[in-house]
Amino acid sequence: MKTQMLTTKPSPTATATGITPLLFSPLITLFTTQFRYYYDYYSDTSYDSDTDRRNLEKLVRTRCKSGKLGLDEALGYFDSLIRARPLPSIFAFNRLFGALSNKNHCPDVVSMYRQSMNCSRHFRPDVCTMNTVIKCLCRLKKVDLGFSVLATLYKHGLQPDAHTLATLLHGLCTQGSMVAAMELFQDILDKKHPCNEFTYATIINGLCKAGKTSKAFELLKRMYDDKRIKPSVYCFSPIIDSLSKEGQMDRALSSFKQMIKLGVVPNVVTYNSLVHGLCKYGRWEEAKRFLINMLHRKISPNVQTYSMLIDALCREDKIEEAISLFELMTREGVEPNVVTFTSLISALCNSDRSDEAAQFLENMTSRGITPNIVTYTTMLGFLCKEGRVRKALDLMEAMVDRGVMPDVFSYNTLIHGLCRSDLWREAIELLDRMNDHDVSPNVITFSILIDSLCKKRQMNEAIEMFDLMIQRDIRPNVVTYTSLLDGFCRLGELGKAKSLFDKMVSENIFPDIITLNIFLNAYSEKGLMEEARKLFDRITELGGEPDQITYHAMIKGYCSQGKMDHAKEILESMLSKGVLPDLMSYNTLVEGYIKIERIDVALVLLKDMIQKGLVPNHTNKTLSILKDIEILR
């Protein structure tokens, strides 16, 4: 957008932008009349007395101040105002326009303004009128038309004030025209047009929103170096907020200190930015200090302040402190919201404190706060974790009854819970119900179901589910394939597993260590150690990192064949890579050496195992192995 410069000495036909003024036909084209006219535009309807006109103005003022003015009522008052002869005071129009603007009835304000300008030669707008109309046009993302209204302002012999120009600046910033905004701002400074701290605050905020925090910071520095206009809290807050979101907390805190040094009083928005940043980066002790600082400064924390701190404490598993802060919040008269409750409910569920979570849910609903999708999904997950899937199904029904529609994550949570409880048929039925709520299953939905069917050795059904997934254009991932491969390997159908593996690789879905471990374990179980060794060597050649399961599969396979030298070689390789053997691997090796009557090596391994802190307990297989050693002795 080309920068639209201001002129200090406008002629009757000049504009604020230095270009030919736009006629109001664009306004007519853009905005259709929002109401019907029941009078002749050109007839002069006189009121019986000045008293009637004054009463009308008083009524308009009273209704506008009440905050209860509806659109239809406002249109009626406007009809009366525009018909009166002589016209009532411009202040009555301004109040009406302002009230509607505050309720975001921007098209109606513009239409009223257009009608007033077109229908009455007696209508004389002032700067306040123009400012309101410009603000509405900027909200409607029609900044160009805002500049045309500015031209009309000059045409009526009026001069814009700082608010007029700041509104246009804000409009340019909001629609992302930062180059034009900066040119206009510079023009304001160069030609000494009205400018105040809000002008600076507007452009600083625009720069921060555009990710140009450094430029905003430079502008702020220039502002307080100049000393003609004192920076306000609205100049500092956007910079502090941007720095906090970017993780530059030390610079944000430094800016805060500079702000205090200049005598600028922070507000709740400033504090919230710092609290949010400190909590996000784990500096919650400092965040708590800022809460105390707020209270000392008599700045009341709001629900966002408390909610951010409560959430941070919950994430740090400091639930008691979070509950104490919640109690302080309610004592201070700050009403918690759905975010506050959801943080606490989630933390309590994760800590297996179901009764307390249920109490907070009840507290939440008793306050008239409807749980959101996150709250419900958290509770669904917890109930499923406890195996209370029937209760979870009832909760989903209640959720729908309250108008909160489950999303794919909610369904996945419940489907996973049903599968874990061996209710996979109900899980499949739930998949069908997703369509009723216009929720599309994703790769996770199908992977959960396929995995459950594979574990139940229902491989035909698992393949049918896999085919259905493909039909719905949902691309399987490594987890989906791994579940199927595991299912085939458990049934000893290595041929089918290999074919599926080839299909997986051909689709550029590459196996992870879990997938490879499944094959190694299958080879080991079948005694196919040559194939296992080839795969093992291939993993290491390609830079893969074998884990405990990988090494154990190899050790188990060699031990079952009595090839203890190979098994010990794997153990040594394992130790050299920094992977510590677990009890299972040691037990397998010790048992293997006992079978070939190498008791001395078995004892050495047992001693090594204990030195590494792997002490057997009374239920451990190692104890039975020790007894075998005593028998052999």
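Structural notes, computed from the coordinates. (Residues numbered from 1 in each chain as written. Predicted model: local features only at pLDDT ≥ 70, side-chain atom pairs only at ≥ 80, totals over all residues. Heavy atoms only, no water.)

**Quick notes on the overall build of the protein**
Counting its regular elements, the protein contains 34 helices and two strands. Taking the intrachain contacts of the protein between residues at least 6 apart in sequence as the baseline, contacts between residues at least 24 apart amount to 63%. Accessible surface, the protein as shown: approximately 32,000 Å² in total, 51% of it carbon and sulfur. (Helix = DSSP H or I, 4+ residues; strand = E, 2+ residues; numbered from the N terminus. Contact = heavy atoms within 4.5 Å. Areas by Shrake-Rupley, 256 points an atom, 1.4 Å probe, with all protein chains shown as cover.)

**Things to note about the layout of surface pockets**
In this structure, the largest pocket occupies an estimated 460 Å³ of space. Around the largest pocket sit 20 residues that line it, and Asp486, Asn517, Ile518, Asn521 and Ile549 are the ones nearest its centre. The set of elements that each furnish at least two residues to the lining of the largest pocket consists of α26 (478–490), α28 (513–526) and α30 (548–560). Broken down by element, the residue count for the lining of the largest pocket peaks at seven residues, all from α28. For the lining of the largest pocket, a count of residues per class yields eight nonpolar, five polar and seven charged. Its boundaries defined by the atoms lining it, the second largest pocket holds a volume of some 350 Å³. If you list the elements that add at least two residues to the lining of the second largest pocket, you get α6 (127–139), α8 (162–174), α10 (197–209) and α12 (233–245). (1 Å grid on protein atoms, 1.4 Å probe; cavity = no way out; pocket = protein on both sides within 12 Å on 5 of 7 lines; lining within 4 Å. Points joined across faces, edges and corners; volume = space filled by probe spheres on them. Nonpolar A, V, L, I, M, F, W, Y, C, P; charged D, E, K, R; others polar.)

**Notes on the pattern of salt bridges**
Under the defined criterion, the tally for this structure stands at 26 salt bridges. Between Asp250 and Arg283 there is a salt bridge, with the nearest N and O atoms lying 3.5 Å from each other. Separated by 33 residues along the polypeptide, Asp250 in helix α13 (residues 249–261) and Arg283 in the loop between α14 (268–280) and α15 (284–296) bring together distant segments of the chain. Accessibility expressed as a relative area gives 24% for Arg283, which makes it partly exposed. The salt bridge involving Glu493 is made with Lys496; its shortest N-O contact spans 3.3 Å. (Salt bridge = Lys/Arg side-chain N within 4 Å of Asp/Glu carboxyl O. Buried < 20%, exposed > 50% of the residue type's maximum accessible area, 1.4 Å probe, protein only.)

**Regarding the environment of Leu207**
Tracing the sequence through the fold places Leu207 in helix α10. Spatially, the C-alpha atoms of Leu207 and Ile239 are 9.1 Å apart, while their sequence positions differ by 32 residues. Dropping the residues within four chain positions of it, Leu207 is found in contact with Met178, Met182, Lys212, Thr213, Lys215, Ala216 and Leu219.

**A few points about the side chain of Glu57**
Structurally, Glu57 can be placed in helix α2 (residues 50–66). No salt bridge is formed by the buried Glu57. Its closest oppositely charged neighbour is Arg53, at 4.7 Å. With near-sequence residues (within four places) excluded, Glu57 lies in contact with Pro88, Ser89 and Ala92. (Lys, Arg positive; Asp, Glu negative; His and termini not counted.)

**Considering the environment of Ser214**
If you trace the backbone, Ser214 turns up in helix α11 (residues 213–226). A sequence separation of 28 residues divides Ser214 from Ser242, and the C-alpha atoms of the two residues are 9.8 Å apart.

**Considering the nonpolar core**
Grouped together as the largest cluster of nonpolar side chains are 197 residues, with contacts concentrated most on Phe93, Leu96, Ile203, Ile204 and Ile345. With eight residues, helix α16 (residues 303–315) is the largest single contributor of residues to this core. With residues near it in sequence (within four places) discarded, Ile345 still touches Ala357, Phe360, Leu361, Met364, Thr375, Thr378 and Met379. (Core = buried A, V, L, I, M, F, W, Y, C linked by side-chain atoms within 4.5 Å.)

**Quick word on helix α24 (residues 443–455)**
The terminal C-alpha atoms of α24, which comprises 13 residues, lie 18 Å apart, in line with the 18 Å expected from a rise of 1.5 Å per residue. Counted residue by residue, α24 has 10 buried out of 13 residues, so it is predominantly covered. Inspection of α24 places Val443, Thr445, Phe446, Ser447, Ile448, Leu449, Ile450, Ser452, Leu453 and Cys454 among the buried residues, and these make up the whole buried set. Elements that come into contact with the buried residues of α24 comprise α22 (408–420), α23 (424–436), α25 (459–471) and α26. The backbone nitrogen of Ile444 has a side-chain oxygen 3.1 Å away, supplied by the residue at the start of α24, namely Asn442. Just downstream of α24 lies Arg457, where phi reads positive at about 60°. (Expected span 1.5 Å × (residues − 1). Polar contact = N/O pair within 3.5 Å; in protein donor to acceptor, adjacent residues only side chain to side chain.)

**Quick word on the packing of helix α32 (residues 583–595) against helix α33 (residues 599–611)**
At a minimum axis distance of 8 Å, the contact between α32 and α33 shows a crossing angle of 165°. Classed by the angle they form, the pair α32 and α33 counts as roughly antiparallel. Of the two possible hands of crossing, α32 and α33 adopt the one that is left-handed. Contact residues: Leu583, Tyr586, Leu589, Val590, Tyr593 and Ile594 in α32; Ile599, Val601, Ala602, Leu605, Leu606, Asp608 and Met609 in α33. (Axes fitted to C-alpha atoms, helices over the stretch in contact; angles between N-to-C directions. Parallel < 35°, antiparallel > 145°, perpendicular 65-115°, else oblique. Left-handed = near helix turned anticlockwise from the far one by under 90°.)

**As for the packing of aromatic side chains**
For the coordinates displayed, the defined rule picks out 16 aromatic pairs. Relative to Tyr481, the ring of Phe466 lies with its centre 5.5 Å away and its plane at 65°, an arrangement referred to as edge-to-face. Here Phe466 is found in helix α25, whereas its partner Tyr481 is found in helix α26, with 15 residues between them in sequence. With a relative accessible area of 0%, Tyr481 lands in the buried category. (Phe/Tyr/Trp six-rings, centres within 6.5 Å; stacked < 30°, edge-to-face > 60°.)

**Looking at the packing of α6 against α8**
Interaxial distance between α6 and α8 falls to 9 Å at its minimum, and their mutual angle equals 5°. Looking at the two axes, α6 sits roughly parallel to α8. The segment α6 lies against α8, with Val127, Asn131, Ile134, Lys135 and Cys138 engaging His163, Thr164, Thr167, Leu168 and Gly171. Taken together, the residues of the contact of α6 with α8 break down into four nonpolar, five polar and one charged.

**Quick look at unusual backbone geometry**
The peptide bond linking Arg85 to Pro86 adopts the cis configuration, its omega dihedral lying at -5°. Assignment of secondary structure puts Pro86 in the loop between β2 (84–85) and α4 (90–102). Positive phi outside glycine occurs at Lys192, with the angle close to 55°. Tracing the chain through its elements places Lys192 in the loop between α9 (178–190) and α10. Its identity as a non-glycine residue notwithstanding, Asp317 has a phi of 60°, on the positive side. Residue placement: Asp317 occurs in the loop between α16 and α17 (319–331). With relative accessibility at 55%, the residue Asp317 sits in the exposed group.

**Description of a positive patch on the surface**
On the surface, a cluster of positive charge is contributed by Lys58, Arg61, Lys65 and Arg95. In terms of residues, the positive patch owes the most to one element, α2, which gives three residues. Along the chain, Lys65 turns up in helix α2. For Lys65, a relative accessible area of 71% gives the class exposed. (Patch = residues over 30% accessible without salt bridge, like charges linked within 9 Å, V, L, I, M, F, W, Y side chains within 5 Å. Charge placed at Lys NZ, Arg CZ, Asp CG, Glu CD.)

Don't take any of this as a statement about function, it's just geometry.
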